[in-house]
Amino acid sequence: MSRKRPPLVPETLVLKRQRVSGRAQARPLRSEAGAARAAVAELHQLFPRGLFEDALPPIALRSQVYSLVPDRTAADRQLVSSRSAGRPGPGTAVPGRVLQSPRAAGSVPGGASSGAGRRQKELQEQGEIRVVQLGFDLDAHGIILTEDYRTRVLSACDGRSYASTVQKFLASVLPACGDLSFQQDQMTQTFGFRDTEITQLVNAGVLTVRDAGSWWLAVPGAGRFIKCFVKGRQAVLGMIRKAKYRELLLSELLGRRAPTSVRLGLAYHVHDLIGAQLVDCISTTSGTVLRLPET
């Protein structure tokens, strides 16, 4: 008679791995329509708003979503439109949390799961989220709820000389274009911005220069978050690197007191390390182990 085995790790970081031929291999996990939306909401709950005096909207990284949605291709499809997705994620599964569903696990191409995926438009195409380039890495994409983005941008520019230009951008460009970046002819000819107005948007932190005649969508004041994130990521990697055999039980890591440089929280960074594949996740009898890959 079989008995249900208790979860090995906290529910927010349930990871399933199996070892094949001595190497940690990802066990294919099912991803369902709506999983990306739930993942973003969960990650936004981990974002420490108070750290930034509520001046920044909650930000989730795409890599973190991959830690919760096993199928990267499905995650990208649910998050962003194909023209804005950047490099497509590999179709192989990575360790992640299985979101509860009344249906049994196992996705069949062309079946009910894929049909639900087709019925769900991309969150970006629907206008629910904005994806921004955070700058410290080519694939560092931040995911922000559109309404949160609009609210924080308006608050940041309130009373400034460029406030009317920012309002024009939010009213005309934001609803019509979901791209990560904007070209000069697009800004001037399609949306009617003068060069001086584009400069104002850069000064406001709404745009950052990508290259000559091209700009990334940005978040005013995001530099503070990026600084905290990069320092925190390195600090958590350092905690694992200093452990015996360069590995650490996930439960032990999450139970430790975070170093002062980990200001965004251990759980927030662990999602990033797993989704960005900076650590291997191995299931053992003692629990899930995070191990630095061999170099």
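Coordinates for the structure precede this section.
First, a word on scope: everything that follows refers to the structure included in this document. (Residues numbered from 1 in each chain as written. Predicted model: local features only at pLDDT ≥ 70, side-chain atom pairs only at ≥ 80, totals over all residues. Heavy atoms only, no water.)

Observations regarding helix α3 (residues 72-79)
Among the eight residues of α3, six are classified as buried, and the element is accordingly described as predominantly covered. Buried within α3 are the following residues: Arg-72, Ala-74, Ala-75, Asp-76, Gln-78 and Leu-79. For α3, the elements touching its buried residues are α1 (35-46), α2 (62-68), β4 (129-133), β5 (141-145) and α11 (266-275). Among the residues of α3, the N-terminal cap falls to Asp-71, whose side-chain oxygen and the backbone nitrogen of Thr-73 are separated by 3.0 Å. (Buried < 20%, exposed > 50% of the residue type's maximum accessible area, 1.4 Å probe, protein only. Helix = DSSP H or I, 4+ residues; strand = E, 2+ residues; numbered from the N terminus. Contact = heavy atoms within 4.5 Å. Polar contact = N/O pair within 3.5 Å; in protein donor to acceptor, adjacent residues only side chain to side chain.)

Here we look at unusual backbone geometry
Here Asp-54, not a glycine, exhibits a phi torsion of approximately 60 degrees, which is positive. Locating Asp-54 in the fold gives a position in the loop between α1 and β3 (60-61). Among the residues examined, Asp-54 registers a relative accessible area of 40% and is labelled partly exposed. Look at Tyr-245: it is not a glycine, yet its phi comes out positive at around 65 degrees. Examined against the element boundaries, Tyr-245 turns out to sit in the loop between α9 (222-242) and β9 (247-249). Exposure remark for Tyr-245: the relative accessible area of 62% places this residue in the exposed category.

What to know about the pairing of β4
With five of five residues buried, β4 lies mostly within the body of the structure. Of the two faces of β4, the one holding Ile-129, Val-131 and Gln-133 and the one holding Arg-130 and Val-132 are both buried throughout. Of the strand pairs in this sheet, β4 and β5 are connected by five bridges, and their pairing is antiparallel. Opposite Val-131, over in β5, you have Ile-143 as the bridge partner. (Pairing = 2+ DSSP bridges.)

A look at the nonpolar core
Grouped together as the largest cluster of nonpolar side chains are 40 residues, with contacts concentrated most on Tyr-149, Val-166, Phe-169, Met-187 and Phe-225. Going through the elements one at a time, α5 (146-157), α6 (163-176), α8 (195-203), β8 (214-217) and α9 are the ones with two or more residues in this core. When residues of this core are assigned to their parent elements, the largest contribution, six residues, is made by α6. Aside from chain neighbours lying at most four places away, what touches Phe-169 is Leu-174, Phe-182, Met-187, Phe-193, Leu-201, Val-206, Leu-207 and Leu-217. Counting 19 residues, the second-largest nonpolar core is a separate cluster that includes Ala-35, Val-40, Leu-43 and Leu-68. (Core = buried A, V, L, I, M, F, W, Y, C linked by side-chain atoms within 4.5 Å.)

Read these as spatial facts, not as claims about activity.
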